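# Topology and contacts: notes
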Amino acid sequence: MEDNNGTEVWDRTDDPYFVDKAWLDTIVVVGLTCFVLCLMKLSKVATSKMGMIFGMIGMTALVAGYWADEAYTYDDGRWLIAVSMAPGILLGLTSALSVEITSLPELVGAYNGFGGFAAALEAIALYVDPNAKNFLRGGHFIDEKTQAMLWVQAIALVLSIVIGMMTFTGSMIACLKLHGTIASKPRVIPYRSIITLLLFAAMVLFGTLSFTAGQDWNDRVLGLTFIIIVSFLASVYGVIAVMAIGGGDMPVSISFLNALSGMSTSAAGFMLSNEALVVSGAFICCSGIILTLVMCKNMNRSIIKVLVGGFGDGGGSSSANAKSEKVVGTVKEATAWDVFELLTNARKVIIVPGYGMAVAKAQHACAELACKLRAKDINVLFAIHPVAGRMPGHMNVLLAEAKVPYDITFALDDINADFADTDVALVLGANDIVNPGAQTDADSPIAGMPVLEVWKATHTICMKRSLNVGYAGVDNPLFVNDNNMMFLGDAKTSLLKLISLLDEPSAHFSTPASSLFMGSGESMRDIEAPKPKKKTHQRVKSVDPFLAQISKLQSNSFLKVGVVREIADEFEARVAMTPDIAKRLLKSGIQVVLETNAGIGGGFLDGAYAEVGCKILNSAQEVYDSAGVVIKIREPIMHPMGLKHEIEMMTAGSTLIAPVSPQTENGRILMDRAKEAGVNLLAVDAIPRISRAQNLDTLSSQSKIAGYRAVIEAAYIYQRFMNGEVTSAGSFGACKVLVIGAGVAGVAALT
């Protein structure tokens, strides 16, 4: 075209390939930047939550941007895609809310598989797309793709199918192995190497035939048949490869499958000319490969063997396994009192968590034990093996959930040297990661694998259900060491026994347990451990008569009062009832049913409630179903787990005691909702503010307690009283005396 002066200028709108999508490029940059920040934050436990938030923001931005772009959606397609995303959103929310932390490895494996499956389905759909060879915009033809473009697209399509289906079936087998549906032992088919070679050769052959020898894009007869054959062969290889993986190599397989899912995503990006898929898939693939390399190093595996599918046969040949040293010796079994004596007379204790802790859901009891030991001036540390559990970081997640401080948890390389000057190493449900045979037996299947050297401690205590072998199927000579004792039984039950002994009068401590996990941020390594204590204490045999009456009181109870976890605010730490009050209620014929972890924010673990006769239930819905009266600290709201309002979760005729604010609009809505549900509503914030009612005012009472505690802990940390201050009411000098409870009666007493 020409300008006003008659000069010919280039109008980019005449270019059929030009599309002004600066807004979409901006969104892509923002989304990918969020992914980078996500990876950076996920590298540390303390910032991992923010990393997940960055990841969600980036993914939401990219999905919204491409959904609005006419190159991908137009006309009714936008709403069809929006509707099709609904089942995925529902499934994701349901799985995230319902799957317990102990099942996270299976969930991660499933997500890896579905990512690969999605890439494979995209490839198959593109092959039968009538417009696969054309550029479209808003559903309208723009131009044909060049032959070079089509060949790149075809190669990416075949790779998406091969890697995606391999990842899908392999991940499903991994999930079944992790869940225990399929035995963890490796199952290697005869002539595996030859069969693998034939499978890949057939995939290359049929993938090539899909675009040659008369077949082309949108060939829905012979060409589609070849594509389906490629999908089937890739699926078969995924099953064969992961079935050959032994239990000890499962963390490697999870990280490698994660890398494969990223690779299939990146291939799909090349296939669809989508830069966001290419880059995000590359992020996943690279991070998965790096993690695989780290896992291989920590398990003494070769990355080459992993990549060609030669991993998982136990780490050695069958002849080597046969020549592995047999464990011979006498196992010394300990009682709870024996373990209690060792722990309380120690200066330094290192706890090594393993998968047994996850299965028993004992992380909170473990945290409480550490808390009570630290209260007795015992230096307690946690040693985390990189492959402990069923996936990388499994133990870190569990301990973080139990609010164990990050500064007392250490990785293998950082803490292995500490075992030599440790009094007690407490192994909690771990086996292979503390097996000395990895260093002493050259024929062991785990020979050369880096392990936590717990046997160098003065004493070791192994807490396990039985003497059975671990996930790798290898005998552990640690069990018969002279300095080792086996404390057999369920991990959570055993820990609660130890906690109960620590709570006995002879084991009382002077420092408040609730403040032990709060400090100035210094590492426990820097705290000087006390000198060894003399074994002068004797077991006190006084027993609370209430303990013997619990079963009878439970059977004679006439009312169940429910306590659920407060969900109105993620920082809400209060709980509607303490164990002491629950104990008094049971004596009066009222049994308390409690949602698991309802009291953890206030420092009350499930074990403390169970000891006084409370029944611990797995979900809020179970509490609402079984309780005649439910008590809450915060007003009822929509519950994220059941996607129902808390009032609607209750049974008709039951009673809810909670703040309601009946004079407000929201309070009237709550009362109408309760009326429709047939639920009695008692508003604790409507109780008259008289002296006799003050003990019923839960909010102000607990707020006062929290305020007192904050002042005391601040004075303890800073080792001084606070400076004076100037307020509108006048000047106040620095305090010299702290008076607690100076209410109406206290002020009268002072004057």
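Structure's up top.
Residues numbered from 1 in each chain as written. Predicted model: local features only at pLDDT ≥ 70, side-chain atom pairs only at ≥ 80, totals over all residues. Heavy atoms only, no water.

Through backbone hydrogen bonds, the strands of a sheet pair up, either in parallel or in antiparallel fashion. Taken in spatial order, the six strands make up an open sheet running β11-β10-β9-β12-β15-β16, and their pairing is parallel. Of all the strands in the sheet, the pair left with one neighbour each is β11 (615–617) and β16 (680–683). Taking each pair of neighbouring strands and ignoring which way they run, the sheet shows an average axis angle of 25 degrees. Note: strand β9 (residues 559–563) against strand β12 (residues 629–631), three bridges, orientation parallel. Paired with Gly562 across the strands is Val630, a residue of β12. (Pairing = 2+ DSSP bridges. Helix = DSSP H or I, 4+ residues; strand = E, 2+ residues; numbered from the N terminus. Axes fitted to C-alpha atoms, helices over the stretch in contact; angles between N-to-C directions.)

To continue, consider the environment of Ala457. Inspection of the secondary structure assignment puts Ala457 in the loop between α17 (437–440) and β7 (459–464). Taking the relative accessible area as the measure of exposure, Ala457 reaches 4% and is therefore buried. As for Ala457 and Ala420, which are separated by 37 residues in sequence, their C-alpha atoms are 5.2 Å apart. Beyond its immediate sequence surroundings of up to four residues, Ala457 is in contact with Phe419, Thr422, Ala425 and Asn483. (Buried < 20%, exposed > 50% of the residue type's maximum accessible area, 1.4 Å probe, protein only. Contact = heavy atoms within 4.5 Å.)

Moving on to the pairing of β16. As judged from the four bridges shared by strand β15 (residues 655–658) and β16, these two strands associate in the parallel manner. When the sheet's bridge partners are listed, Ala658 is paired in β16 with Ala683. Read as a crossover between parallel neighbours, the route from β15 over helix α24 (residues 665–677) to β16 is right-handed. (Right-handed = clockwise from strand over helix to strand, strands pointing away.)

Turning next to the packing of helix α4 (residues 104–127) against helix α5 (residues 147–179). Packing of α4 against α5 brings their axes to within 7 Å, and their N-to-C directions diverge by 155 degrees. Regarding the angle of α4 to α5, the classification is roughly antiparallel. Like other packed secondary-structure pairs, α4 and α5 cross with a definite hand, here left-handed. When its residues are assigned to classes, the contact of α4 with α5 shows 17 nonpolar, 10 polar and one charged. (Parallel < 35°, antiparallel > 145°, perpendicular 65-115°, else oblique. Left-handed = near helix turned anticlockwise from the far one by under 90°. Nonpolar A, V, L, I, M, F, W, Y, C, P; charged D, E, K, R; others polar.)

A separate point is the nonpolar core. In terms of nonpolar packing, the biggest core is built from 75 residues, with Leu452 and Val454 touching the most fellow members. Residue contacts for Leu452: discarding those within four places in its chain leaves Val352, Ala383, His385, Leu412, Ile415, Asn416, Phe419, Ile433 and Val434. Listed in part, the 45 residues of the second largest apolar core include Ala120, Ala123, Tyr237 and Met243. (Core = buried A, V, L, I, M, F, W, Y, C linked by side-chain atoms within 4.5 Å.)

In β15, alternate side chains face the same way, and those of Thr655 and Ile657 on one face and Leu656 and Ala658 on the other are all buried. Sheet topology note: the β12/β15 ladder contains three bridges and is parallel. If you follow Val630 over to β15, its bridge partner there is Leu656.

Next up on the list: the packing of aromatic side chains. Pairs of aromatic rings are described using the distance from one ring centre to the other and the angle between the two planes. Counted according to the given criterion, the structure contains 10 aromatic pairs. Judged by centre distance (5.3 Å) and plane angle (85 degrees), the rings of Tyr127 and Phe211 are edge-to-face. Taken together, the positions of Tyr127 in helix α4 and Phe211 in the loop between α6 (192–209) and α7 (222–243) put the pair 84 residues apart, joining distant regions of the chain. Judged by its relative accessible area of 0%, Tyr127 falls in the buried class. On the basis of relative accessibility, which here comes to 11%, the residue Phe211 falls in the buried class. Geometrically, the ring pair formed by Phe200 and Tyr237 is edge-to-face, given 4.9 Å between the ring centres and 65 degrees between the ring planes. Remark: Tyr237 occurs in helix α7 and Phe200 occurs in helix α6; sequence separation between them is 37 residues. Residue Tyr237 is classed as buried on the basis of its relative accessible area, which comes to 7%. By way of ring pairs, the aromatic residues Phe114, Phe117 and Phe168 are connected into one cluster. (Phe/Tyr/Trp six-rings, centres within 6.5 Å; stacked < 30°, edge-to-face > 60°.)

Another aspect to go through is the packing of α4 against helix α8 (residues 250–272). The N-to-C vectors of α4 and α8 enclose an angle of 25 degrees; their axes lie 9 Å apart at closest approach. Classified by the angle between their axes, α4 and α8 sit roughly parallel to one another. Judged by the sense of rotation from one axis to the other, the crossing of α4 with α8 is left-handed. Listed contacts from α8 to Pro105, Val108, Gly109, Asn112, Gly115, Gly116, Ala119, Glu122, Ala123 and Leu126 of α4 are Ile254, Leu257, Asn258, Ser261, Ser264, Thr265, Ala268, Met271 and Leu272.

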